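Architecture at a glance
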Amino acid sequence: MQKTRVEANNTYLGALRGLRGTFVLVGLFSAIINLLMLTGPVYMLQVYDRVLSSGSVSTLLGLFAIVILLYSFLGLYDFLRARLLSRAALRLDAKVGEEAFRFALRSGAIGAKSRIDPGAQPVRDLELVRGFMSSPAITGLFDLPWMPLFLVLVFLIHPWLGFLTLAGAGVVTVAALLNQFLAQKSISKVMSMEGAERSLVGQARADAETISALGMRERLVTRWRAQHDAALAAGQVGSDRSEGFASFSKSFRLLLQSALLTMGAFLALRQEITPGMIIATSIIAGRALAPIEGA
């Protein structure tokens, strides 16, 4: 048994090492994407502070042509990043899938006498990991390290705007951590209850003839209904909490953008920043907070 566990661990570690190059490439694409995200605020800054003041149509058209080119590259790199992650998820499944299925067979055959949890769902766990690797959530993790860059840019525009953005990022981060902390227990409980429910369904399906002969069908249905309702209730508790935090984060981010516009307008009236910087700050600050909310 110890040997099989070592072999399984080696298989998993080897599969993860094989994806290291993909993650490095995804990180490189994330760096380029986040730099290209500055296209919008820089363009707005140039339009408000240079084009409108000079009245030059040729400058406006030239800037817009550059914007088209940069956004085209942004779309291309974002597509390539998503494609790399989805293909990496498939490669992980190809390398680990058979071992996960063998583990499930061993746990089912050995039963309770083994140190392997008979309620383990390695194939389903692999499915969850594969789904995570091809979801937008993982791209938020790759974008998160670039958040300080956008905060620094806001500070360079004006320190007051930077401190306001930093305070907003702190509030969103605390809300995300509280959401994770409060939902973690609920998620673990729901997964355990759903595992017990699937185990009951599997056993009932395998022993359907015996259950019918003994007249235990309705009693088993009642037992399944009780487990199913309990799992749904526990899941709803976690869902309500997550929905509440998500609504708060969304509304607070919109409030923060309005607060930045208000402070920016105040600073512009005092001739400390230009009107173009007001719009640029709002866009950059929103980009700084987006990875936190997504991750």
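Residues numbered from 1 in each chain as written. Predicted model: local features only at pLDDT ≥ 70, side-chain atom pairs only at ≥ 80, totals over all residues. Heavy atoms only, no water.

1. Observations regarding helix α5 (residues 122-133)
Put simply, the rule reads: Runs of H or I in DSSP of at least four residues are treated as helices and runs of E of at least two as strands, each being numbered from the N terminus. To estimate how far a helix should reach, multiply one less than its number of residues by 1.5 Å. Buried, partly exposed and exposed residues are distinguished by accessible area as a fraction of the type maximum, computed with a 1.4 Å probe on protein chains only: under 20%, between the cut-offs, and over 50%, respectively. In this description, one arc is meant: the one made by directions from the helix axis to the C-beta atoms.
For α5, built from 12 residues, the straight-helix expectation of 16 Å at 1.5 Å per residue is met to within 8% by its first-to-last C-alpha distance of 16 Å. Buried residues of α5: Pro-122, Leu-126 and Met-133, and no others. All buried residues of α5 fall inside an arc of 40 degrees around its axis, so they share one side.

2. So, the nonpolar core
Selection criterion: Note on terminology: a nonpolar core comprises buried Ala, Val, Leu, Ile, Met, Phe, Trp, Tyr and Cys residues joined through side-chain atoms within 4.5 Å. Here a residue-residue contact requires only that any non-hydrogen atoms of the pair lie within 4.5 Å.
One finds Met-147, Leu-161, Ile-273 and Ile-292 to be the most contacted residues of the largest nonpolar core, which totals 21 residues. Among the elements of the structure, α7 (147-157), α8 (159-206), α10 (217-269) and α11 (275-294) are those that each provide at least two residues to this core. With 6 residues, α11 is the largest single contributor of residues to this core. Excluding residues that lie within four positions of it along the chain, Leu-161 makes contacts with Val-154, Leu-260, Met-263, Gly-264, Leu-267, Ile-273 and Thr-281. In this structure, Leu-19, Val-96, Ala-100 and Leu-126 belong to the second largest nonpolar core, which totals 9 residues.

3. With respect to the side chain of Ser-282
Topologically, Ser-282 is positioned in helix α11. Ignoring any residue separated from it by four or fewer positions in sequence, one finds Ser-282 in contact with Gln-257 and Leu-261.

4. A look at the pattern of salt bridges
Pairing between side chains of opposite charge can happen when the charged atoms of each approach one another. Which entries qualify depends on this criterion: Salt bridges are defined by distance alone: a side-chain nitrogen of Lys or Arg within 4 Å of a carboxyl oxygen of Asp or Glu.
Per the stated rule, a full pass over the model turns up 4 salt bridges. Linking Asp-143 and Arg-81 is a salt bridge whose minimum nitrogen-to-oxygen distance equals 2.9 Å. Here Asp-143, found in helix α6 (residues 136-143), pairs with Arg-81, found in helix α4 (residues 57-110); they are 62 residues apart in sequence, far enough to count as distant. Overall, Asp-143 belongs to the buried group, its relative accessible area being 8%. Arg-287 is paired through a salt bridge with Asp-143; the nearest N and O atoms lie 3.3 Å apart. Of this pair, Arg-287 sits in helix α11 while Asp-143 sits in helix α6, placing them 144 residues apart in sequence. Of the two residues, Arg-287 and Asp-143, both sit in the buried class.

Coordinates in, geometry out; function isn't part of it.
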